[in-house]
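# Coordinate inspection notes
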Amino acid sequence: EAGGVVLGKTAEKLFSLSGLFAVYKPKGPTSAGVLNLLKERLLAEAGVQTNGNKRNQVLKIGHGGTLDSAAAGVLVVGIGKGTKMLRTMLAGSKKYTAIGLLGKATDTLDATGKVTEEKPYDQITKGDLENVLQKFTGDIMQVPPLYSALKKDGERLSTLMKRGEAVEAKPARRVRVYSLSLQQFQPPLFTLDVECGGGFYVRSLVSDIGKELSTCATMQELTRTKQGPFTLEEHALHEDKWTIDEIARSLEHCTSLLPDEPSHKKLKTEHPGETAVSCE
């Protein structure tokens, strides 16, 4: 029963779903928008009436780390008790393929922003680029972008920036890059494969690489190809597979990929008072 309503078989199946699975987030919508669409689909298929904003209490669902609107790829989703496991996904490793553009800088560090600077880049060789990448491998210090989902006084920095409020840069923080390689170099474009830990911003990396090469650079495209054990090819469900049966099947398959769940007690005490910070 949910809210005194007797549920049909499909709805019962939906509310019994629990665990982690992955969906494909296309370019364009926000991560929250993708999650809302998924939720609406599932509730509609189950024939559950959503009275305005009550739907949030009805179905427990969350994601394991924001992907910017302009980015695509793996979005890890927790459903039922799986929502408690999302914090570990935030901290885990992720893989991205990013396309950078040399010679231009933007305020958002990606293609959605206003161009703030242009510099020559023709002197840069493939070798220069490969040499610079070594400086960005391992434990490095990184300043997160001003336009980001990080919060100040409970509001996203990107929201404050868009309102025209002055936002101070967050201090540099230690982030981890497990591997970084150059896949393609066709000036002004270059393609990188990055594997990194939690709290890492790929567009800050692209911008920093530009500065290191005495020019500037901005991120043109970003695809998350892996998060934790979930890969784009194998596990990310595209919109046509957002059905209760497909997700049930996926959850069964994905549970075997995950480490045994630590006790919830440990999860709660690990980061007292810290809100889950998500990254692109």
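Up top you'll find the structure we're talking about.
Described in the following lines is the structure provided in the data block. Please read all numbers here as calculations on a predicted model, not as lab measurements. Within each chain, residues carry numbers counting from 1 in the order of the written sequence. Thresholds applied to this predicted model are a pLDDT of at least 70 for local features of residues and 80 or more for the giving and counting of side-chain atom pairs; totals over whole chains, interfaces and linings are not thresholded and use all residues. To obtain the side-chain values, all non-hydrogen atoms of the structure were included, while hydrogens and water were left out.

## Quick notes on the environment of G228
Note the threshold: Here a helix means four or more residues in a row that DSSP labels H or I, a strand means two or more in a row labelled E, and each is numbered from the N terminus.
Following the sequence through the fold, G228 ends up in the loop between β12 (217-227) and β13 (230-231). As for G228 and L90, which are separated by 138 residues in sequence, their C-alpha atoms are 9.0 Å apart.

## Digging into the side chain of D110
Applicable threshold: Partly exposed describes any residue whose relative accessible area lies between the buried limit of under 20% and the exposed limit of over 50%, with all areas from a 1.4 Å probe on protein chains only and scaled to the type maximum. Within this scheme the basic residues Lys and Arg register as positive and the acidic residues Asp and Glu register as negative, but His and the chain ends are omitted. One side-chain nitrogen of Lys or Arg within 4 Å of one carboxyl oxygen of Asp or Glu is enough to make a salt bridge. In this description, contact between two residues means that some pair of their heavy atoms is separated by no more than 4.5 Å.
The residue D110 is located in the loop between β5 (104-106) and β6 (115-118) in this model. Here D110 occupies a buried position and makes no salt bridge, while the nearest side chain of opposite charge, R203, is found at 4.6 Å. Excluding residues within four positions of it along the chain, D110 makes contact with D68, R203, T218 and M219.

## A word on the nonpolar core
The criterion, for reference: Among buried residues, the Ala, Val, Leu, Ile, Met, Phe, Trp, Tyr and Cys ones that are joined through side-chain atoms within 4.5 Å form a nonpolar core.
Grouped together as the largest cluster of nonpolar side chains are 29 residues, with contacts concentrated most on L180, F190, L192, V194, F200, L205 and I209. Among the elements of the structure, β4 (94-102), α5 (126-135), β10 (173-186), β11 (189-196), α7 (202-212) and β12 are those that each provide at least two residues to this core. Top contributing element to this core by residue count: β10, with five residues. Leave out the neighbours within four places in its chain, and L205 touches F136, Q142, L180, L192, V194 and F200. Counting residues in hydrophobic clusters, the runner-up holds 24 residues, among them V48, L59, W242 and A248.

## Points about helix α2 (residues 31-45)
For an α-helix, 3.6 residues make a turn, and residues three or four places apart therefore share a direction. Rules: By this rule, a helix spans an expected 1.5 Å times one less than how many residues it contains. The arc in question is formed by the directions pointing from the helix axis toward the C-beta atoms.
Here α2 contains 15 residues, and its C-alpha end-to-end distance of 21 Å stays within 8% of the 21 Å for a straight helix at 1.5 Å per residue. Buried within α2 we find S31, V34, L35, L38, K39, L42 and L43. All buried residues of α2 project into a common sector of 160 degrees when viewed along the axis, lining one side. Just beyond α2, the residue with positive phi is G47, at close to 70 degrees.

## Overview of unusual backbone geometry
Along the chain, P187 connects to P188 via a cis peptide bond; the corresponding omega equals 5 degrees. Among the structural elements, P188 can be located in the loop between β10 and β11. The phi angle at L109 is positive, at roughly 70 degrees, despite the residue not being glycine. If you trace the backbone, L109 turns up in the loop between β5 and β6. A positive phi angle, close to 60 degrees, is found at S214, a residue other than glycine.

## Some thoughts on the side chain of Q142
To be explicit about the condition: In protein, a polar contact requires one atom able to donate a hydrogen and another able to accept it; more generally it is a pair of N or O atoms within 3.5 Å, and residues adjacent in sequence count only if both atoms are side-chain atoms.
Summarising the element assignment, Q142 is placed in strand β7 (residues 138-142). Since its relative accessible area comes to 2%, Q142 is described here as buried. There is a polar contact of 2.9 Å between the side chain of Q142 and the backbone oxygen of Y201. Apart from the residues lying within four places of it in its own chain, the contact partners of Q142 are P171, A172, R173, V175, G199, F200, Y201, S204, L205 and D208.

## Comments concerning the packing of helix α1 (residues 9-16) against helix α9 (residues 244-255)
Note the threshold: The convention used is that axes are lines fitted to C-alpha atoms, helices contributing only their stretch in contact, and that angles between N-to-C directions extend from 0 to 180 degrees. Should the near helix be turned anticlockwise from the far one by less than a right angle, the crossing is left-handed, and should it be turned clockwise, the crossing is right-handed. In this classification, Asp, Glu, Lys and Arg are treated as charged, Ala, Val, Leu, Ile, Met, Phe, Trp, Tyr, Cys and Pro as nonpolar, and every other residue, Gly included, as polar.
For the pair α1 and α9, the least separation of the axes is 10 Å and the interaxial angle reads 35 degrees. Relative to α9, α1 is oriented so that their crossing is left-handed. Of α9, the residues touching α1 (which contributes T10, K13 and L14) are I244, D245 and A248. Class assignment for the residues of the contact of α1 with α9 results in three nonpolar, one polar and two charged.

## Re the environment of H238
In this structure, H238 sits in the loop between β14 (236-237) and α9. For the pair H238 and V23, spaced 215 residues apart in sequence, the C-alpha separation works out to 6.1 Å.

## Quick look at the pairing of β11
The line we're drawing: Strand pairing requires that DSSP identify at least two bridges connecting the strands.
Across the eight residues that make up β11, a large majority, six, are buried. Sheet analysis places β4 next to β11, joined by eight bridges and oriented antiparallel. Note on β11: the bridge partner recorded for A98 is L192. The sheet contact formed by β10 and β11 spans eight bridges and is antiparallel. Looking at the pairing, S179 lines up with E195 of β11.

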